[in-house]
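Observations on the model geometry
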Amino acid sequence: MSDKSRPHQIVIVGGGAGGIELASKLGPRLAKPGRANVTLVDKNLAHLWKPLLHEVAAGTLNSHDDELDYLAQARWRHFLFRLGSMDGLDRANKTISLAPTPDEKGDEVIPRRKVTYDTLIISVGSVTNDFAIPGVRDHCGFLDTREQADRFHQRLLTAYFRAHTQHGPLREGQLHIAIVGAGATGVELAAELHNSTRQLIAYGLDRFTPDKDMKITIIEAADRILPALPARVSMPAQRTLNALGIKVLTGERITRATHDGVETAAGLFIPAEIKVWAAGVKAPDLLRHLDGLETTANNQLVVRPTLQTSRDENIFAFGDCAACPQPGTDELVPPRAQAARQQAALLLQSMDRRLEGGPLPVYVYRDYGSLVSVSRYTTVWTLMGNLMGKWSPYVTIEGLLARFAYLSLYKMHQLALGGIVRVILLTLANLLTRRTKPRLKLH
């Protein structure tokens, strides 16, 4: 598999939740004994847990407060970090190519280079799928990255400051927000925006009447919100949105986006100058052209139950970018955070077995339920049968217990990256500094 005179080279491409957790656990496990070198490649210098992006966009979370520097994490957890974006693969020579890295002016900082691997693990996540609908790319915000979330927040603040100081009345839809897609991201974002726009009034932008001038609308093509989750999750979430005055339109498919709003296939026009597209995901287009690796229509890499790609046993893929079969069914593992965490844990065992020359374990998806947080207003938690026993296919919990479970997910991620002592110190620091900061990011 590799030259025995040197350590095995494991390269992980993508520092999202799954990639950074895997690198952080593999590093101490393999680097110190000299069994393997672990390298993490990402186009960003810092990691932010993706489920927090809707809070960054709304301004209820400062992205710089919760980011983790890859270089620092690499030093602490005994792996290497390489800044760059993979743009090519040479399977015959076992190398990946990294595109040149420019600065903010477009000048080249890091030249094109190659990274050699013995085992390549691809974990590049997913990106928003606009389905080639006219106007979406030009007029809608996206929440795939921290930069996009920060950009949307700046656009939101600019719109409200401009409206607060302009002469004359507001235009129709000037401060209306349209969110296309009522999955978890769309629902959670709507609730956070309801919270943050009311906070703006408390901080002095009080020219507006919330229910009249600051409307939020969610548009969903399916017949209910949260269509990928059980109805027992969507029903209480829908009740909360209704109570907040957030308008929900289901069974409406968007056909065009403009500066002034969005149009549906039924001929409905929703006026909104502030728009977010959260209506679907796909794997990055790059994967479709990776030296002959097999992909799906959504660009996902086709993998075996061992998470090895179908055409190359030296290349693994997991998380949202992988199309992994569920044994005994015709279905694929859903692109959910819990699946990526489970797969990262499996790959930890797989790398041990691979270095020892033993058979690789296979992945079986276990659904531990669904959690949706509707900002500070409510949280819905559905536990699946494999947690509650065969006589309870699901149990739905709302309120403080569900909120605690939701918050614990992030703590579990932090625990995987830094251990219990670090999590305790970070939690204490947040509690001690909470009263010294505004409840909303205002710049």
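A few points on the structure. In this text, all values refer to a predicted model and were calculated from it rather than measured experimentally.

**Some remarks on the overall build of the protein chain**
In terms of regular secondary structure, the protein chain is built from 12 helices and 27 strands. Going through the 443 residues of the protein chain one by one, you find that 50% of them count as buried. Within the protein chain, contacts between residues at least 6 apart in sequence are counted, and of these 63% link residues at least 24 apart. Only carbon and sulfur atoms are counted for the fraction: they give 54% of the accessible area of the protein chain, which is about 21100 Å².

**Re the sheet that holds strand 15 (residues 247-250)**
Pairing is parallel in the open sheet, where four strands are placed in the order 15-14-13-19. Each edge of the open sheet carries a strand with a single partner, namely strand 15 and strand 19 (274-277). Taking each pair of neighbouring strands and ignoring which way they run, the sheet shows an average axis angle of 15°. Pairing geometry for strand 13 (residues 177-180) and strand 14 (residues 216-220), over four bridges, is parallel. The residue of strand 14 that forms the bridge with Val180 is Ile219.

**Re the side chain of Gln148**
Within the secondary structure, Gln148 sits in helix 5 (residues 146-165). Discounting chain neighbours no more than four positions away, the residues touching Gln148 are Phe142 and Leu143.

**What to know about the pattern of salt bridges**
Under the criterion given, the structure shown has 16 salt bridges. We note a salt bridge from Asp87 to Arg112, for which the minimum N-O separation is 2.8 Å. Pair noted here: Asp87 is in strand 6 (residues 86-90) and Arg112 is in the loop between strand 9 (108-110) and strand 10 (113-116), with a separation of 25 residues, a long-range link. A salt bridge links Arg91 to Asp291; the shortest N-O distance between them is 4.0 Å. Within this pair, whereas Arg91 is found in the loop between strand 6 and strand 7 (95-98), its partner Asp291 is found in the loop between strand 20 (281-282) and strand 21 (301-302), the two being separated by 200 residues in sequence. Asp291 gets classed as partly exposed once you look at its relative accessible area, which sits at 34%.

**As for the pairing of strand 7**
Of the two faces of strand 7, the one lined by Thr95 and Ser97 and the one lined by Ile96 and Leu98 are each fully buried. In this sheet, strand 7 lies alongside strand 6 in antiparallel orientation, the contact comprising four bridges. Paired with Gly88 across the two strands is Ser97, which belongs to strand 7. Count of turn residues in the strand 6/strand 7 antiparallel hairpin: four residues, of which Lys94 carries a positive phi of about 50°. Direction of pairing for strand 7 relative to strand 10: antiparallel, over a ladder of four bridges.

**A look at the packing of aromatic side chains**
As enumerated under the stated definition, the model contains one aromatic pair in all. Residues Tyr70 and Phe81 carry aromatic rings whose centres are separated by 5.0 Å and whose planes lie at 20° to one another, so their mutual orientation is stacked. Note that Tyr70 is positioned in helix 3 (residues 70-77) and Phe81 in strand 5 (residues 80-83), a separation of 11 residues in sequence. Comparing Tyr70 with Phe81 shows no difference in burial state: the two are buried.

**A look at the environment of Leu170**
Relative to the helices and strands, Leu170 is located in the loop between helix 5 and strand 13. Residue class for Leu170 comes out partly exposed when judged on its relative accessible area of 24%. Once the C-alpha coordinates of Leu170 and Asp213 are considered, the two residues, 43 residues apart in sequence, prove to be 8.0 Å apart. In contact with Leu170, not counting residues within four places along its chain, are Ala163, Leu175, Phe208 and Asp213.

**Focus: the sheet that holds strand 10**
Spatial strand order, 6-7-10: three strands in an open sheet with antiparallel pairing. Either end of the sheet is taken by a strand with one partner, and the two such strands are strand 6 and strand 10. Within the sheet, the average angular offset between the axes of one strand and its neighbour, ignoring direction, is 25°.

**Digging into the nonpolar core**
Core analysis: the largest hydrophobic core is formed by 52 residues, its most contacted members being Ile96 and Ile122. The dominant element in this core, judged by the number of residues it contributes, is helix 9 (residues 337-356), at six residues. Sequence-distant contacts of Ile96, that is, excluding residues within four places in its chain, are made with Val11, Val13, Val41, Met86, Gly88, Leu89, Arg113, Lys114, Val115, Tyr117 and Leu120. Residues Ala159, Leu175, Ala190 and Val276 belong to the second largest nonpolar core, which totals 45 residues.

**Concerning helix 6 (residues 184-202)**
Residues separated by three or four positions in an α-helix point in the same direction, a consequence of the helix having 3.6 residues per turn. Given a rise of 1.5 Å per residue, 19 residues ought to cover 27 Å, and the 28 Å separating the end C-alpha atoms of helix 6 matches this to within 8%. Where helix 6 ends, the next residue or the one after it, Gly204, has phi of about 115°, a positive value.

**Section: the side chain of Thr95**
Here Thr95 lies in strand 7. When residues no more than four places from it in sequence are discounted, the contact partners of Thr95 are Leu89, Asp90, Lys114, Val115, Thr116 and Tyr117.

**Section: the packing of helix 1 (residues 17-31) against helix 3**
Two quantities define a packed helix pair, namely the angle between the helix axes and the distance between the axes. The N-to-C vectors of helix 1 and helix 3 enclose an angle of 30°; their axes lie 8 Å apart at closest approach. With respect to helix 3, the element helix 1 is oriented roughly parallel. Of the residues in helix 3, those touching helix 1 at Ile20, Ser24, Gly27 and Pro28 are Tyr70, Gln73 and Arg77. Of the residues assigned to the contact of helix 1 with helix 3, the class counts are three nonpolar, three polar and one charged.

The rules behind the values
- Residues numbered from 1 in each chain as written.
- Predicted model: local features only at pLDDT ≥ 70, side-chain atom pairs only at ≥ 80, totals over all residues.
- Heavy atoms only, no water.
- Helix = DSSP H or I, 4+ residues; strand = E, 2+ residues; numbered from the N terminus.
- Buried < 20%, exposed > 50% of the residue type's maximum accessible area, 1.4 Å probe, protein only.
- Contact = heavy atoms within 4.5 Å.
- Areas by Shrake-Rupley, 256 points an atom, 1.4 Å probe, with all protein chains shown as cover.
- Pairing = 2+ DSSP bridges.
- Axes fitted to C-alpha atoms, helices over the stretch in contact; angles between N-to-C directions.
- Salt bridge = Lys/Arg side-chain N within 4 Å of Asp/Glu carboxyl O.
- Phe/Tyr/Trp six-rings, centres within 6.5 Å; stacked < 30°, edge-to-face > 60°.
- Core = buried A, V, L, I, M, F, W, Y, C linked by side-chain atoms within 4.5 Å.
- Expected span 1.5 Å × (residues − 1).
- Parallel < 35°, antiparallel > 145°, perpendicular 65-115°, else oblique.
- Nonpolar A, V, L, I, M, F, W, Y, C, P; charged D, E, K, R; others polar.

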